[in-house]
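Residue strings, one per chain:
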Amino acid sequence: MMGEAEKTKADAVKLLNDIQDINFAKIAIILVAAWVIIWLSKRLLPFLANRGPNQLRLYILGGVPVIRLLMLALAILWVFPLIFNVTLENFLVIAGGASVAIGFAFKDYVSSLIAGIVAVFERPYRPGDWVTIEGDYGEVKSVGMRAISLVTASDDLITVPHLKLWDKNISNSNDGEQTLMCVVNFYLTPKHDAEAVRDVLRNVAMTSPYLEYANPVLVMLANEPWGTHYKVKAYPFEMRDQFAFISDITARGKSALLKLAVEEVAVPVTVGLNH
Amino acid sequence: MSQPSQTSVQSSETGSVPKTLHPLADYQHPAMPTEETIRRIGWKVWQWWKTDESNDPFIAKETLHQADRDQLDELVAPPACGPLLDEFSATFDEWARTPRPTNYLQLVVLPPCDRNSVLTTWAERLGHEVVSPPNRDHLNSDNTATAGLLESLAETLRRESTSQSVIVIPRLEEWFLRHHDGLSWVLRLLNTISSSKRHLIVGCSSWAWKFLCKSTQAALVLPSPVTPQAFDCDRLKDWLMPLAADACDHGDGRSSVLRFADSGKSVFGDDASQQTTDKFFQKLAGRSRGIPWVAFHLWRRSLRSGPDDSNQDQQKFPEERTIWVSALAQFTLPAEEADAALLILHSLLIHEHLNLKQIEQALPSIHRGNVLPGLTKSGFVVRDGDQFSCSPTAYPSIRERLAASGFPLDEI
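To start, this report covers the structure provided alongside it. These figures come from a predicted structure and were not determined experimentally. (Residues numbered from 1 in each chain as written. Chains lettered and ligands numbered in written order. Predicted model: local features only at pLDDT ≥ 70, side-chain atom pairs only at ≥ 80, totals over all residues. Heavy atoms only, no water.)

1. So, the nonpolar core
Turning to step 1, where the next piece is worked out: Counting residues in each nonpolar core, the largest one holds 135 residues, and the members touching the most others are Phe-88, Ile-193, Phe-281, Leu-284 and Trp-299 of chain B.
Turning to step 2, where the next piece is worked out: If one sorts the elements of this core by residue count, helix H11 (residues 338-351) of chain B sits on top with nine residues.
Turning to step 3, where the next piece is worked out: Of all hydrophobic cores here, the second largest spans twelve residues; its members include Ala-115, Tyr-125, Ile-133 and Val-140 of chain A. (Core = buried A, V, L, I, M, F, W, Y, C linked by side-chain atoms within 4.5 Å. Buried < 20%, exposed > 50% of the residue type's maximum accessible area, 1.4 Å probe, protein only. Helix = DSSP H or I, 4+ residues; strand = E, 2+ residues; numbered from the N terminus.)

Written out as structure tokens, the structure is:
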């Protein structure tokens, strides 16, 4: 009896399995298989998303982080007992050691990883969404374990760690939807027929070839000390066309306003330089 | 645009009860056979990898060539679609005879690519008054001719009719241009007809109707659109087969035989080929989305003649004149400048036809380069004088691409 109790106690404090008991081939196969599946999903799903119907694009892209998280969780849960002697005491020892290491050396890194897991469930951004994070506006190209990649309208690639999720505002323009609202601004001198301008700008948006029919077109205006600020709010049917849509409304809006003989306000160059 | 052929207006459907127009929302296009759907998905995947399709047909494709236009006109004359004319009559005859109907306005939403203007043909056959559309080039200005046209229409509509005559505006899509200055006349027209005291039928293409509902809230004036019932397998067979059978009989003892290129079976043949024929027309109905003129043009395009007399050894039936029915046409939009191409095609569908200047006005200032000539050359767009329109044969492929790219679609 004494011998058995001592053996159990010895097993409990043994952190790692005996080296001859660890099946390294099995571990390698699990890790390689998980890596291959993650790699394939990162390559194949965006490929399919870009070639399939637009309506399915966001759903397909959204599968990449979910598959990665599932594969990683599965691989870790599978490999862990192959290496470690899993007991409550050992768990506490490992957790304690890990906490110290994380607390001192990898705090931000691990915080980003945890925020990445939270992001998969809370979904403040998904691949294909258009987001603004700390002034950077762009399309979420990929959601990695530690960070996301944004591609801006100027084709710059910006890497933003998930860490921002904890304390920064994340503005998502489409939130998983197929379209997003575009706002086109016109700044006009105060003396004009506002009804006529509103009608014309509404028609400009209504006749844009990029317009999504299911959502409303709105023309808002507000008096400002320098004149009248018009905002045309409308949705393109494909959010990747948002800049073309805004340009189209701006260009045709300008020619329509010119025809109405309404003047646009321009800030004097000297004022612009001074401020 | 071309006028309907009087010779082909005779066809009507078999069966005693004539079909009537149905509410637009109830339109159900015929389903594609499952086997064909899977085959087409496979074909698309194949296209992704740029691999050529290969099969083993009854007669080699290379030895056949597309029948020329004269041959086609001889074999299958451009139709005015008799069954649809009967459908219009069955729907509107009683309403036209009612002196004070509950609704003086009727809207018929027609599928796109109606190059023969089937509603005009029907109205002219019955002696109804047809209102011609204004010149589209003058739609974005205060044109006196258009103003006069509207005033006289307003005057006519204000007077209560003493006869059973109906006023028909067959193509509402020709009353606007998708431009910020191009909607005023259609708005005035809708305003004018909203208080009509005369029987008035308005025709509009399904794509234009979708656009007008958004841009002018036209559905508030014309709230209950009706549309022809889809041409399914049986309906297509009833319509096309007698037309083709008549045309195959040359009257001098000679006759042409229509045979499927992949099996060699006769299209109008014995019971043994019935299943093959049914399958072909099922595919044709599904592919054309039940639109008769699209089905007709797909059918027409699938006809092949050959092999030439010089290739006697390749003749399968030397004793007869064989017209081969090959697989239905598939169109692939070139990947280059696809965005500009889709914008042009969408614009053409909304307006049915446009000239170059109008295309410029209806599109954003994008780089179009040689996209339009390219589309014309590849069969997506047809040119009639200075007017460009979408090819009925390519329409199913165009609609699929527009849908895949997220464009707003029609309801048919």
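Structure's up, so let's keep going.
2. Considerations on the packing of aromatic side chains
The description of an aromatic ring pair uses the distance of the two centres, along with the angle that the planes make with each other.
Turning to step 1, where the next piece is worked out: By the definition in use, this model includes 18 aromatic pairs over all chains.
Turning to step 2, where the next piece is worked out: Both rings, one in Phe-237 of chain A and one in Phe-407 of chain B, keep their centres 4.3 Å apart while their planes meet at 40°; by these two values the pair is tilted. Of this pair, Phe-237 of chain A sits in the loop between strand E8 (227-234) and helix H8 (242-259) while Phe-407 of chain B sits in the segment after helix H14 (395-404), which puts the two residues in different chains. Both residues of the pair, Phe-237 of chain A and Phe-407 of chain B, count as buried.
Turning to step 3, where the next piece is worked out: Site record: aromatic cluster; members linked through ring pairs are Phe-88, Phe-92, Trp-95 and Trp-122 of chain B. (Phe/Tyr/Trp six-rings, centres within 6.5 Å; stacked < 30°, edge-to-face > 60°.)

3. A short note on the side chain of Glu-352 of chain B
Turning to step 1, where the next piece is worked out: Locating Glu-352 of chain B in the fold gives a position in the loop between H11 and helix H12 (356-362).
Turning to step 2, where the next piece is worked out: The contact partners of Glu-352 of chain B, leaving out residues within four places of it in the chain, are Pro-112, Cys-113, Asp-114, Arg-171, Glu-173, Ser-205, Phe-388, Ser-389 and Cys-390 of chain B. (Contact = heavy atoms within 4.5 Å.)

4. Some details on the pairing of strand E6 (residues 182-188) of chain A
Residue and element names in this part refer to chain A.
Turning to step 1, where the next piece is worked out: Alternating residues of E6 divide into Cys-182, Val-184, Phe-186 and Leu-188, all buried, and Val-183, Asn-185 and Tyr-187, none buried.
Turning to step 2, where the next piece is worked out: As judged from the seven bridges shared by E6 and E8, these two strands associate in the antiparallel manner. Counted as the bridge partner of Phe-186 is Tyr-230 from E8. (Pairing = 2+ DSSP bridges.)

5. Concerning unusual backbone geometry
Residue and element names in this part refer to chain B.
Turning to step 1, where the next piece is worked out: Although it is not a glycine, Ser-117 sits at a positive phi angle of roughly 45°.
Turning to step 2, where the next piece is worked out: By the element assignment, Ser-117 lies in the loop between strand E3 (105-110) and helix H4 (118-125).
Turning to step 3, where the next piece is worked out: A residue is classified by how much of its surface remains accessible, and Ser-117, at 12% relative accessible area, is buried.

6. With respect to the interface of chain B and chain A
Turning to step 1, where the next piece is worked out: At the interface, 26 residues of chain B touch 28 residues of chain A.
Turning to step 2, where the next piece is worked out: Contact between chain B and chain A buries roughly 2,200 Å² in total, counting both sides, with carbon and sulfur atoms accounting for 61%.
Turning to step 3, where the next piece is worked out: Summed over the shared surface of chain B and chain A, the number is one salt bridge.
Turning to step 4, where the next piece is worked out: Taken together, the links from chain B to chain A amount to four residue pairs in polar contact (both at pLDDT 80 or more). (Buried area = accessible area lost by both parts, 1.4 Å probe. Salt bridge = Lys/Arg side-chain N within 4 Å of Asp/Glu carboxyl O. Polar contact = N/O pair within 3.5 Å; in protein donor to acceptor, adjacent residues only side chain to side chain.)

7. What to know about the sheet that holds E8 of chain A
Residues and elements named next belong to chain A.
Turning to step 1, where the next piece is worked out: The strand order across the open sheet built from three strands is E6-E8-E7, with neighbouring strands paired in antiparallel fashion. Strands at the two margins of the open sheet, each flanked by one partner only, are E6 and strand E7 (218-224). Ignoring strand direction, the axes of neighbouring strands in this sheet form an average angle of 20°.
Turning to step 2, where the next piece is worked out: The strands touched by helix H7 (residues 194-206) within the sheet are E6, E7 and E8, with E8 carrying the most contacts at an inclination of about 30°. (Axes fitted to C-alpha atoms, helices over the stretch in contact; angles between N-to-C directions.)

Just distances and angles here, no functional claims.
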